[in-house]
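Structural overview for review
The residues making up each chain are set out below.
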Protein chains: 2
Amino acid sequence: MQEYGELLPPERLLLGPGPANVDPRVLRSLSLPVVGYTDPFLYGVLDDIQELLRYVFQTSNRLTLPVSGTGSAGMEMAVHNLVEEGDEVVVGIAGFFGDRIVQVIKRAGGKVIPVETEWGRALEAEKIEDALKNSNAEVIAVVHGETSTGVLQPLEKIAKIAKEYDALLLVDAVTTLGGSEIKVDGLGIDACYSCSQKCLGCTPGLAPVTFSKKAYDKIANRKKELRSWYLDVRLVEKYWSGDRVYHHTPPVSMLYALREALRIIREEGIEDRWRRHETTGRALIRGLEALGMALLVEDEEIRLPQLTTVLIPNGLDDAATRKELLERYGIEIGGGLGPFKGKVWRIGLMGYNANVKNVLHLLSALEKILKKHGFPVKNGEAVKAASEYLESR
Amino acid sequence: MQEYGELLPPERLLLGPGPANVDPRVLRSLSLPVVGYTDPFLYGVLDDIQELLRYVFQTSNRLTLPVSGTGSAGMEMAVHNLVEEGDEVVVGIAGFFGDRIVQVIKRAGGKVIPVETEWGRALEAEKIEDALKNSNAEVIAVVHGETSTGVLQPLEKIAKIAKEYDALLLVDAVTTLGGSEIKVDGLGIDACYSCSQKCLGCTPGLAPVTFSKKAYDKIANRKKELRSWYLDVRLVEKYWSGDRVYHHTPPVSMLYALREALRIIREEGIEDRWRRHETTGRALIRGLEALGMALLVEDEEIRLPQLTTVLIPNGLDDAATRKELLERYGIEIGGGLGPFKGKVWRIGLMGYNANVKNVLHLLSALEKILKKHGFPVKNGEAVKAASEYLESR
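Residues numbered from 1 in each chain as written. Chains lettered and ligands numbered in written order. Predicted model: local features only at pLDDT ≥ 70, side-chain atom pairs only at ≥ 80, totals over all residues.

**Re the overall build of chain A**
Summing up its helical and strand segments, chain A has 14 helices and 13 strands in all. Radius of gyration (C-alpha) of chain A: 21 Å, near the 21 Å computed for a compact globule of 393 residues. C-alpha atoms of chain A, sized along the principal axes, occupy 65 × 55 × 50 Å. The proportion of buried residues among the 393 residues of chain A is 57%. Here the analysis covers contacts within chain A between residues at least 6 apart in sequence; of these, 72% occur between residues at least 24 apart. (Helix = DSSP H or I, 4+ residues; strand = E, 2+ residues; numbered from the N terminus. Rg over C-alpha atoms; globule rule 2.2 N^0.38 Å. Buried ≥ 20, exposed ≤ 12 C-beta atoms within 10 Å, placed from the backbone. Contact = placed C-beta atoms within 7 Å.)

Here's what the structure looks like:
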């Protein structure tokens, strides 16, 4: 058997779809001494996390906690608890993660009423209303920030329709929570999930979820237990609520990290954090446009600030360029998913990484690469465009 | 909203059923910089982990990886992949975690053929054979180390029966992996899962699993997809295998920690590690007996060295004594589960914690507490008994 050396990860600037770089404060908290799952100290951590998650989700939902798994486990928890065998669900599909919801619903035994739109566009609320009218669906599922396309889905109209038709609204906030305005109670969202490693600024491994009273009542009145014991929120909550009934051993170090990441958000203020993501994302766009690059999402209003999808310029090789960015500049950006593979790059500015310094570093690296390949870019033009935008704010 | 202070966990000696204290090397690895899920560096980490897990499981199974969840997620992955709707499964039930397997199988749509024994005893292989004979079961599920009772279930006879009847053998090694001899290939185990926070010496949050070729073939030939998308091992393996097809964002920091914990095991040597757990556990027992305490598991041969269940002496209050141990001596031990609540303590000596120093510290604290409550214990008798045993080894 080969020898296993000391772990020496390279220092990367993670400007892909996540994980983003993690605040040193959060990394440090991971190394704190572990305590047991009945330790009064840990109970305090659980309570803090729940309160802080309510703040980040902008909700007073009692049932607000992090799932002991990654974002996809959060999706599975939300779907499997809310959707019973045979239930119809209207699903907005505008990219890879809308598709994923479809798969998870089908596995839960649900029947998907799809409402599709071209990747790179937002869903039309009217079509969702039509689907709702013409079905027995009691749940609408949509993705708030579609990481595969860089579209920020407006939720207001959809939320209004959900209310009118008395349907439950399930929202995937994997890419938006902590980065874009989302008010769970204000909009009337009934189930919402996210991940730890994007705009929350933590390391990957946890999935915050929240359920409204209405969602909880549907879950409590299920005809049959859900198939998953691990993700049965009514079992999980018994530990997170005051009763502390053992369900599974919580991932203590990850909980420390999440608490620290949420504490940092609380210190910054959630509105300021939304603004920071928006400003940084828009500055990046100015710079990319100054480099002559085109964005996938044409409508400015629905561009996801924390994840920009840019078309790969003709003449640049996808993999080779990303490799050069990684190896020469230490920058990771994301490739395209599904139909966008080889056609689009996904540039993330999330959490700890959503700042000017990173925008300028990336633009400067892209400028050098474009120049090397003979693209007509002017020296410093991109950095100038981004800087001017930032100064104007 | 209240203020959230700096996280300052108390220093505890974790001698309960897990998590155990984590080697400082492992804790430190948690703070290393995070990289993306397509980073060549991370691919190296994934490969190392798989190889090291094969060493720890003593298997050459290709499909050997850590589930992105806790030990219970590992149980759910093993059960849901192997058990289809309507499948009969012979389940050995000798404690809380045997019961848990039953619940998970039922949720997967399986039909449980229970083989029960009194809590505190081992399962009888003959009864398992009878159940197999009288059913259509193709899977036998047993717990190797029953954390609720402190029984180490002998597996040889059961494994032989599984072979004879061409049944798949599913083994819960949550408490034993890395602490007690378990040879997946040697015994012919087809599916085995564990957790990170017990004898592997890592922090909680990951669940190593391994599937034999035979198990894999059953999974590949399922009539229907399993209900869980997150735990579908055929999807998960596409990322862990050479193809690196994105499934979910791996918990990078936790993977760093697991690799470091496994590297430490490799340095120690798995046989030496099994011996260390056995010796330390037996030393504890000598000490407890010198204090006049009685063990739950009467048969010495089946005592789980890394988790000793001891009867709470008449006249000592369960909660108050554990609180005193925690607050005055910084020691956490576990309370009883199910019918043993208030009757039994569970003392773990796992991974980093399985050493003399901890045995002596605990015995000395227990001696003081017993004395204070008027029990006739001789000064230093327990420490002497444990030390003498250790010197004789």
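**Observations regarding the sheet that holds strand β5 (residues 139-143) of chain B**
All names here are of chain B. Reading across from one edge, β2-β10-β9-β8-β5-β3-β4 is the order of the 7 strands in this open sheet, with mixed pairing throughout. Each edge of the open sheet carries a strand with a single partner, namely β2 (64-67) and β4 (111-116). Taken pair by pair, the neighbouring strands of this sheet meet at an average axis angle of 20 degrees, ignoring direction. Sheet topology places β2 next to strand β10 (residues 207-211); 4 bridges connect them, and they run antiparallel. (Pairing = 2+ DSSP bridges. Axes fitted to C-alpha atoms, helices over the stretch in contact; angles between N-to-C directions.)

**Overview of the domain arrangement of chain A**
Residues and elements named next belong to chain A. Structurally, chain A comprises domain 1 (24-267) and domain 2 (269-392). With centres defined by C-alpha atoms, the gap from domain 1 to domain 2 works out at 29 Å. Of all the secondary-structure elements, those providing two or more residues to the side of domain 1 that touches domain 2 are α2 (40-57) and β7 (151-152). (Domains from an automatic or database assignment.)

**Topic: the sheet that holds strand β1 (residues 13-15) of chain A**
All names here are of chain A. Strand order in this open sheet of 4 strands is β1-β12-β13-β11, and the pairing throughout is mixed. On the outer flanks of this sheet lie β1 and β11 (307-311), each paired with one strand and no other. Neighbour-to-neighbour, the strand axes of this sheet turn through a mean angle of 35 degrees, independent of strand direction.

**Some details on the UniProt feature "domain: Aminotransferase class V" (unreviewed entry) in chain A**
The UniProt entry lists residues 47-336 of chain A under the feature "domain: Aminotransferase class V" (unreviewed entry), expressed in the numbering used here. The annotated region residues 47-336 of chain A carries 42% helix and 17% strand content, and the separation between its end C-alpha atoms amounts to 39 Å. (UniProt positions renumbered as here; feature names shortened; annotations may be inferred.)

**Observations regarding the interface of chain A and chain B**
Between chain A and chain B, the residue contacts involve 63 residues of the former and 63 residues of the latter. Every element with two or more residues in the side of chain A that touches chain B is listed here: α1 (24-30), α2, α3 (71-82), α4 (96-107) and α10 (252-268) of chain A. Here the side of chain A that touches chain B gets 8 residues from one element, more than from any other, and that element is α10 of chain A.

**Details of the relation of the copies chain A and chain B**
Note on the identical chains: chain A maps onto chain B by a rotation of 180 degrees and an axial translation of 0.0 Å, with an RMSD of 0.0 Å. The operation mapping one copy onto its partner corresponds to a two-fold rotation axis. The position closest to the rotation axis in chain A is occupied by the C-alpha of G69 of chain A, lying 2.5 Å away. Of the residues that chain A buries at the interface, 100% are likewise interface residues in chain B, meaning the two copies contact each other through the same surface. (Least-squares fit on C-alpha atoms with pLDDT ≥ 70 in both.)

**Observations regarding the nonpolar core**
Of all hydrophobic cores here, the largest spans 259 residues; its most connected members are I140 of chain A together with I140 of chain B. Other than its neighbours up to four places away in sequence, I140 of chain A contacts V90, I128, L132, I158, A162, A167, L169 and L170 of chain A. (Core = buried A, V, L, I, M, F, W, Y, C linked by C-beta atoms within 7 Å.)

**Quick word on the packing of helix α13 (residues 356-372) of chain A against helix α14 (residues 381-392) of chain A**
All names here are of chain A. Running from N to C, α13 and α14 point in directions that differ by 160 degrees, and their axes come no closer than 9 Å. With respect to α14, the axis of α13 lies roughly antiparallel. Crossing geometry of α13 relative to α14 is assigned as right-handed. Residue-level inspection shows V356, V359, L360, L363, S364 and E367 of α13 in contact with α14, the latter providing A382, V383, A386 and L390. Considering only residue class, the contact of α13 with α14 consists of 8 nonpolar, 1 polar and 1 charged. (Parallel < 35°, antiparallel > 145°, perpendicular 65-115°, else oblique. Left-handed = near helix turned anticlockwise from the far one by under 90°. Nonpolar A, V, L, I, M, F, W, Y, C, P; charged D, E, K, R; others polar.)

**Quick look at the environment of K160 of chain B**
Within the fold, K160 of chain B resides in helix α6 (residues 156-164). Note: C-alpha distance between K160 of chain B and E129 of chain B (31 residues apart in sequence) is 10.0 Å.

**A word on the confidence of the model for chain A**
Of all residues in chain A, 99% have pLDDT values of 70 or greater, and the mean over the chain is 97. Both scores are available for the predicted complex, with the pTM at 0.98 and the ipTM at 0.98. (pLDDT = per-residue confidence, 0-100.)

**A word on unusual backbone geometry**
Residues and elements named next belong to chain A. Here the residue pair G18 and P19 is connected by a cis peptide bond, since its omega of 5 degrees sits within 30 degrees of zero. For D166, which is not glycine, the phi torsion reads 55 degrees and is therefore positive. Positionally, D166 belongs in the loop between α6 (156-164) and β8 (168-172). Under the C-beta neighbour-count criterion, D166 is labelled exposed, with 9 such atoms within 10 Å.

**A few points about the pairing of β5 of chain B**
All names here are of chain B. Of all 5 residues in β5, 5 are buried; the element is thus mostly enclosed. With burial as the criterion, each face of β5 is covered, one bearing V139, A141 and V143 and the other bearing I140 and V142. With 5 bridges connecting them, β5 and strand β8 (residues 168-172) associate as parallel partners. Bridge pairing links V139 to L168 in β8.

**Quick word on the packing of helix α5 (residues 125-133) of chain A against α6 of chain A**
All names here are of chain A. Here α5 crosses α6 at 20 degrees, and the two axes come no closer than 9 Å. Here α6 runs roughly parallel to α5, going by the angle between their axes. Crossing handedness for the pair α5 and α6: right-handed. In this structure, α5 contributes A125, I128, E129 and L132 to the contact, and α6 contributes K157, I158 and I161. Residue composition of the contact of α5 with α6, by class: 5 nonpolar, no polar and 2 charged.

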